[in-house]
Amino acid sequence: MTLEIVPVPVLRDNYVWLMHDPESGETVAVDPSVAEPVLEAAAARGWTISQVWNTHWHPDHTGGNDAIRAATSCTITGPAEAEKVSKLDRIVAGGDRARIGGYEAELIDIPAHTAGHVCFHLPEAQAAFTGDTLFAMGCGRLFEGDAAQMFANMQRLAALPPETRVYCGHEYTLANGEFALSVEPDNAALARRVEEVRAQRARGEVTLPTTIALERATNPFMRAGSVEELAARRAAKDAF
Ligand code: ZN
Ligand code: FE
C-alpha cells in the first residue's frame, strides 16, 4: 500500500492535491484554494481530510483553509506568512518535518515567489509538492524574492532523486513548454515533451505530476547555468 495522490482542479488553473494514506486513513489537502470542491472530491472517495498543508500564503493556495477546518476539524500546517489568510495550527520552515501516517515529509525552503515558501518532500513516497516555485517546464514569478534565490531553489530541487514525482500548484505546462521551446529550440527531449503535452491538453488531461528527471531535461529555469541566465529567462517569460 502506498500513498494515493489525486488532483482536484479548481479556479482557473489551480490544482489542489489530495494525498491519502490507506494504512492510517489520513488525508492531506495540499494548497486548498477553495473548500467545497475539495471536500466533495475527498468525500467521493470516502476520505476525510485530516490535515491541510500550505506551501505559501497566496489566497489561491490557502483560501479554503478555514472552511475545510470548520468541516473536518483538520490541522493546518504552513509557513508563517499563511497566517495572513488563516490561523495555522503549526508554523513550519525548511528543515522541519510533517507526517501523514507513517510517511514523513522533509520541508525545504524555496523562497522567491513569496518570502516564505516551502516544498514538502516525501522521500519514501518519492513525491514533492512545489507550490508555485517549480512548475512543469517553468518556475514561479518573483513577487517577494529575487533571481538568486530562485536559482538556488532550482539547484536544490534538481538535487532530489530524479524519479521524484513533482506536484505543482498550477496547470501551466503548455504555456511553459511553448516558452521553453523559444529558449531551447534544439532540445529534442523538450520538443518531444511539448508535442505530448499539446496532445494531453487537447484531450483535456492533467499534465502533472512531472518528475525531477524530466525537469532537469526540459525546464529552462532549472537548466539555467547562472543567476543572470535565470533572471534573463524569467524576464523574457514575463514578457512572452
Ligand atoms: Zn502563488
Ligand atoms: Fe498560485
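To be clear, the structure that these remarks concern was listed above.
Reading the values: the criteria
- Residues numbered from 1 in each chain as written.
- Chains lettered and ligands numbered in written order.
- Predicted model: local features only at pLDDT ≥ 70, side-chain atom pairs only at ≥ 80, totals over all residues.
- Heavy atoms only, no water.
- Helix = DSSP H or I, 4+ residues; strand = E, 2+ residues; numbered from the N terminus.
- Polar contact = N/O pair within 3.5 Å; in protein donor to acceptor, adjacent residues only side chain to side chain.
- Contact = heavy atoms within 4.5 Å.
- Donors = N, O, S within 2.8 Å, 3.2 Å for Na, K, Ca; no water.
- Tetrahedral: all angles 85-135°; square planar, octahedral: opposite > 155°, others 65-115°.
- Buried < 20%, exposed > 50% of the residue type's maximum accessible area, 1.4 Å probe, protein only.

### With respect to the side chain of His 58
With respect to the helices, strands and loops of the structure, His 58 is situated in the loop between strand 4 (51-53) and helix 2 (59-62). A distance of 3.1 Å separates a polar atom in the side chain of His 58 from a polar atom in the side chain of His 113. Leaving out residues up to four positions away in the same chain, His 58 has contacts with His 113, Thr 114, Asp 132 and Phe 143.

### Observations regarding the coordination of the iron ion (ligand 2)
The protein atoms that coordinate the iron ion (ligand 2) are Asp 60 (OD), His 61 (NE2), Asp 132 (OD) and His 170 (NE2), at distances spanning 2.1 to 2.3 Å. Here the iron ion (ligand 2) is ringed by 4 donor atoms whose angles at the metal span 87 to 169 degrees, and the overall shape comes out irregular. Between the iron ion (ligand 2) and the zinc ion (ligand 1) the interatomic distance comes to 3.2 Å, and Asp 132 is a ligand of both metals. Judged by its relative accessible area of 0%, His 61 falls in the buried class.

### Some details on the coordination of the zinc ion (ligand 1)
At 2.2 to 2.3 Å from the zinc ion (ligand 1) lie its protein donor atoms, namely His 56 (NE2), His 58 (ND1), His 113 (NE2) and Asp 132 (OD). Coordination at the zinc ion (ligand 1) comes from 4 donor atoms whose angles at the metal span 85 to 168 degrees, giving a geometry best classed as irregular. Donor residues binding the zinc ion (ligand 1) come from one chain and are separated in sequence as H-x1-H-x54-H-x18-D. The buried category is assigned to His 56, whose relative accessible area is 0%. Accessibility expressed as a relative area gives 13% for His 58, which makes it buried.

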